[in-house]
Amino acid sequence: MDITPSKSPRTNTPPTAAHTADSHDLIRVHGARENNLKDVSVDIPKRRLTVFTGVSGSGKSSLVFDTVAAESQRLINETYSAFVQGFMPTQARPEVDVLEGLTTAIIVDQQRLGADPRSTVGTATDANAMLRILFSRLGKPHIGSPKAFSFNVASISGAGAVTLERGGKTVKERREFSITGGMCPRCEGRGTVSDIDLGQLYDDSKSLTEGALTIPGYKPGGWNYRLYSESGFYDPDKPIREYTDEERSDFLHREPTRMKIAGINMTYEGLIPRIQKSMLSKDREGMQPHIREFVDRAVTFTACPDCDGTRLSGAARSSKIKEISIADACAMQISDLAVWARDLDEPSVAPLLTALRQTLDSFVEIGLGYLSLDRPSGTLSGGEAQRVKMIRHLGSSLTDVTYVFDEPTIGLHPHDIQRMNGLLLRLRDKGNTVLVVEHKPETIAIADHVVDLGPGAGTAGGTVCFEGTVEGLRRGGTVTGRHFDDRAALKESVRKPAGALEIRGATAHNLRDVDVDVPLGVLTVVTGVAGSGKSSLVHGSIPKGQGVVSVDQGAIKGSRRSNPATYTGLLDPIRKAFAKANGVKPALFSANSEGACPTCNGAGVVYTDLAMMAGVATTCEECEGKRFEASVLEYHLGGRDISEVLAMPVNEAEKFFGAGEASTPAAHRILGRLADVGLGYLTLGQPLTTLSGGERQRLKLATHMGEKGGVYVLDEPTAGLHLADVEQLLGLLDRLVDSGKSVIVVEHHQAVMAHADWIIDLGPGAGHDGGTVVFEGTPADLVAARSTLTGEHLAAYVGA
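Residues numbered from 1 in each chain as written. Predicted model: local features only at pLDDT ≥ 70, side-chain atom pairs only at ≥ 80, totals over all residues. Heavy atoms only, no water.

## Things to note about the packing of helix α11 (residues 334–343) against helix α12 (residues 350–365)
Two quantities define a packed helix pair, namely the angle between the helix axes and the distance between the axes.
Here's step 1: Look at α11 against α12: their axes get within 9 Å of each other, and the N-to-C directions meet at 155 degrees. The angle between α11 and α12 falls in the class roughly antiparallel. Of the two elements, α11 crosses α12, and the hand of that crossing is left-handed. Contacts between α11 and α12 involve I334, S335, L337, A338, A341 and R342 from the former and L353, L356, R357, L360, D361, F363 and V364 from the latter.
Here's step 2: Partitioned by chemical class, the residues of the contact of α11 with α12 number nine nonpolar, one polar and three charged. (Axes fitted to C-alpha atoms, helices over the stretch in contact; angles between N-to-C directions. Helix = DSSP H or I, 4+ residues; strand = E, 2+ residues; numbered from the N terminus. Parallel < 35°, antiparallel > 145°, perpendicular 65-115°, else oblique. Left-handed = near helix turned anticlockwise from the far one by under 90°. Contact = heavy atoms within 4.5 Å. Nonpolar A, V, L, I, M, F, W, Y, C, P; charged D, E, K, R; others polar.)

Okay, here's the thing in structure tokens:
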């Protein structure tokens, strides 16, 4: 019997039509107007790598972060209950007409990790949590639960009576409890103890009458000074070193005491608590430069003598696995710790070890193997912080999500950029949409799709100049396209040094007893792979007090009331000029003082808090967003009122205050410096909170350029700079050197290296594989020798 299945007749049916669900392969943005965007419409392909480029301030972050990513996060937050939303940061809907095809956005930005003294690389990445469990299970001797290994948990114990309801009766019972924590009791888990250097507060060989106090703002005859010289607790004519113990205690530590001085009620307080409240408890970034300098001199931080800076109690340090304590494990370079974890073979904690190994291997893979887990998170650069945040996404099983990166190559040597490119492509190949804001041509080159914004910055930007492939960008004729293949040439002749800054026996962090002479009077570039010891050499080893002005990448602290005019000190001469021209007091021309609009308190907008719903900001109807009350706007200088002046871009204001009726030399000088660093397009009243990272650093540079320093130390000034702006930066560095300054730049950008007079290359690797000087000399010698990684990449860059 034939049981073969009968063959059905073959029909030429067309292939199945694509499923409707597969047609959603674009993120559509239509009519975006956030910040300086001018009705931008753009289609972003999903499951591809799209790079957004354009000059600094052209609107890249406004489109990617403030529109696409912000709306995605807001929509996800709306899926939670109103109760949960009440605990989450509220986000207003971005200014955009249509946003379609969004997927879950994961933002990996340049925001520094919290600078809380208790936060370390280990606590920020869960590696510490896993180590604590490991030691609580395997450590010998056993000392307790994972809390016993945490430097954030103090050991406490107590006993007392508790009242219980039992069987209808109220019963009192004695109970005892104890928690074993790992916190060092002396430094309370901070690892350092602070001390005030009394020699910086006063000269003890002098009496108060002779002007013994050396604190800023404590001048003889001033109220701060009279509080001590006329208090009556000690003889003002006696040298401070001759005070009795009681007088010294009253002078330095006395509790607040009410008293009358010259008939005025005042509160006397010991010098140390008074200084701590008035200066040391304030945010360092917000201080005036001379106060900050005093605080840096007066407060000394030393490693805690009880725990040797490990933050952990003696008991936590005594429990070991294979002769290694948790303090030793956290102090190890992560690449070494990964090897140690791989050698542990303990079936009882196998899942934990697998997770720990994965995390540590991710550190090494992403190029952060040179860090240690006990490194305070506040000391990481913006680029390092971003890569630490990437670690939790590398092994993620999630697909079809949108990863948003903000200049992931910042702080990376050309050698490391190739590795970062590989990671971005890996995330894309898992089926994710990867959006990258970037300036480096090496990363733009790997894009599947490029969106170029511009053509200029600020109000001159905010439009899409080009959309398409990298090849199309090269031929497109936009600013980015024209500069895409720019290569700086080596200098034909280099400047001769006017002297040298000697560094001897530098051992900060991973430096290995480095001796180096940093030439003065020239442009010196310090380079090397990430983690090779550049910042340790420049920031940690250059002697203080030699007229060194340091401009780092730390964030500018400021509220939405802060703007370039207030931050640079520009507003002071402007207010005085307005006051003088109109015969009124300067305080009227401050939106934070007497001239503020009473309805919005000088903010220009009225905020309505809607609890768990997104708050609403509406322009103040009284002042129409001008921030000043109407009577103040009647006063003019050069035909403009104060709100019109604050709305001017720097370039226009420079002309306005340079000549004519409004000529104000002090304001003109500051505006000239802002224009020099490429911020001519910023308006004077633009809130600091809206500035990009590159803009903030250049604003700092403009502020510091007015200081009387002989040596400028810049930390990656090209961060956030477009290819076209690097040329302007090099011109600025040249002008600084030609005016007699010495400029030391920590930099990875080959254009800056090629332009240098002298290069100091650190390496050869990162962490304990670095920390030595592998080359000193001119860029031409470095290219000719090709003896280091930097030399090879620079030679390829200049086409040698």
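## Comments concerning the pattern of salt bridges
As a working rule, side chains carrying opposite charge can pair if their charged atoms are close by.
Here's step 1: Within the structure shown, the criterion is met by 36 salt bridges.
Here's step 2: In this structure, the salt-bridge partner of D400 is R47, at a minimum N-O distance of 2.8 Å. Residue D400 is located in the loop between α13 (382–394) and β14 (402–406), and its partner R47 is located in the loop between β2 (40–45) and β3 (49–53); the two are separated by 353 residues in the primary sequence.
Here's step 3: On the basis of relative accessibility, which here comes to 39%, the residue D400 falls in the partly exposed class.
Here's step 4: One salt bridge connects E173 with R175, and the closest N-O pair in it is separated by 3.2 Å.
Here's step 5: Among the residues examined, R175 registers a relative accessible area of 41% and is labelled partly exposed.
Here's step 6: Overlapping salt bridges bring together K491, R495, D734, D738 and D757 as one network. (Salt bridge = Lys/Arg side-chain N within 4 Å of Asp/Glu carboxyl O. Buried < 20%, exposed > 50% of the residue type's maximum accessible area, 1.4 Å probe, protein only.)

## Topic: the sheet that holds strand β1 (residues 26–32)
Here's step 1: If you trace the three strands from one edge of the open sheet to the other, you get β2-β1-β4, paired in antiparallel fashion. If you trace the sheet from one side to the other, it starts and ends with β2 and β4 (96–100), each paired once. Strand after strand, the sheet turns through a mean of 5 degrees between neighbouring axes, direction not considered.
Here's step 2: The pairing of β1 with β4 spans four bridges and is antiparallel. Paired with H30 across the two strands is V98, which belongs to β4.
Here's step 3: This element, helix α1 (residues 60–77), spans β1, β2 and β4 of the sheet and lies at about 115 degrees to β1. (Pairing = 2+ DSSP bridges.)

## A closer look at the packing of helix α6 (residues 245–253) against helix α7 (residues 271–280)
Here's step 1: Remark: α6 packs on α7, axes separated minimally by 4 Å, with the N-to-C direction vectors making an angle of 10 degrees. What the angle tells us is that α6 and α7 run roughly parallel. Of α7, the residues touching α6 (which contributes F251, L252 and H253) are L271, I272 and P273.

## Observations regarding empty space enclosed by the protein
Here's step 1: Under the definition given, this model contains five cavities of 30 Å³ or more.
Here's step 2: Space inside the largest cavity adds up to approximately 130 Å³.
Here's step 3: The wall of the largest cavity is formed by 17 residues, among which E407, K440, T718, A719 and H749 lie closest to the centre.
Here's step 4: The calculated volume of the second largest cavity comes to roughly 110 Å³.
Here's step 5: No other element matches the three residues that helix α10 (residues 326–331) contributes to the lining of the second largest cavity.
Here's step 6: Partitioned by chemical class, the residues of the lining of the second largest cavity number seven nonpolar, four polar and two charged. (1 Å grid on protein atoms, 1.4 Å probe; cavity = no way out; pocket = protein on both sides within 12 Å on 5 of 7 lines; lining within 4 Å. Points joined across faces, edges and corners; volume = space filled by probe spheres on them.)

## Overview of α13
Here's step 1: For α13, with 13 residues, the first-to-last C-alpha span of 19 Å sits near the 18 Å given by 1.5 Å per residue.
Here's step 2: Counting buried positions along α13 yields twelve of 13 residues, so the element is predominantly enclosed.
Here's step 3: Buried within α13 are the following residues: G382, G383, E384, A385, Q386, R387, V388, K389, M390, I391, H393 and L394.
Here's step 4: Contacts from the buried residues of α13 go to β5 (105–108), α3 (121–125), α12, β14 and α14 (414–429). (Expected span 1.5 Å × (residues − 1).)

## What to know about unusual backbone geometry
Generally, phi is negative for residues other than glycine and the peptide bonds are trans, each holding for most cases.
Here's step 1: The step from K140 to P141 runs through a cis peptide bond, and the omega angle for that step is -5 degrees.
Here's step 2: Take P141: it is sitting in the loop between α4 (127–138) and β6 (156–166).
Here's step 3: Note that the residue after G454, namely P455, is joined by a cis bond; omega there is 0 degrees.
Here's step 4: By the secondary structure assignment, P455 is in the loop between β16 (449–454) and β17 (463–468).
Here's step 5: With a phi close to 50 degrees, N35 is a non-glycine residue in the positive phi region.
Here's step 6: Tracing the backbone shows N35 in the loop between β1 and β2.
Here's step 7: Positive phi is not limited to glycine here, since R47 has a value of about 55 degrees.
Here's step 8: For R47, a relative accessible area of 29% gives the class partly exposed.

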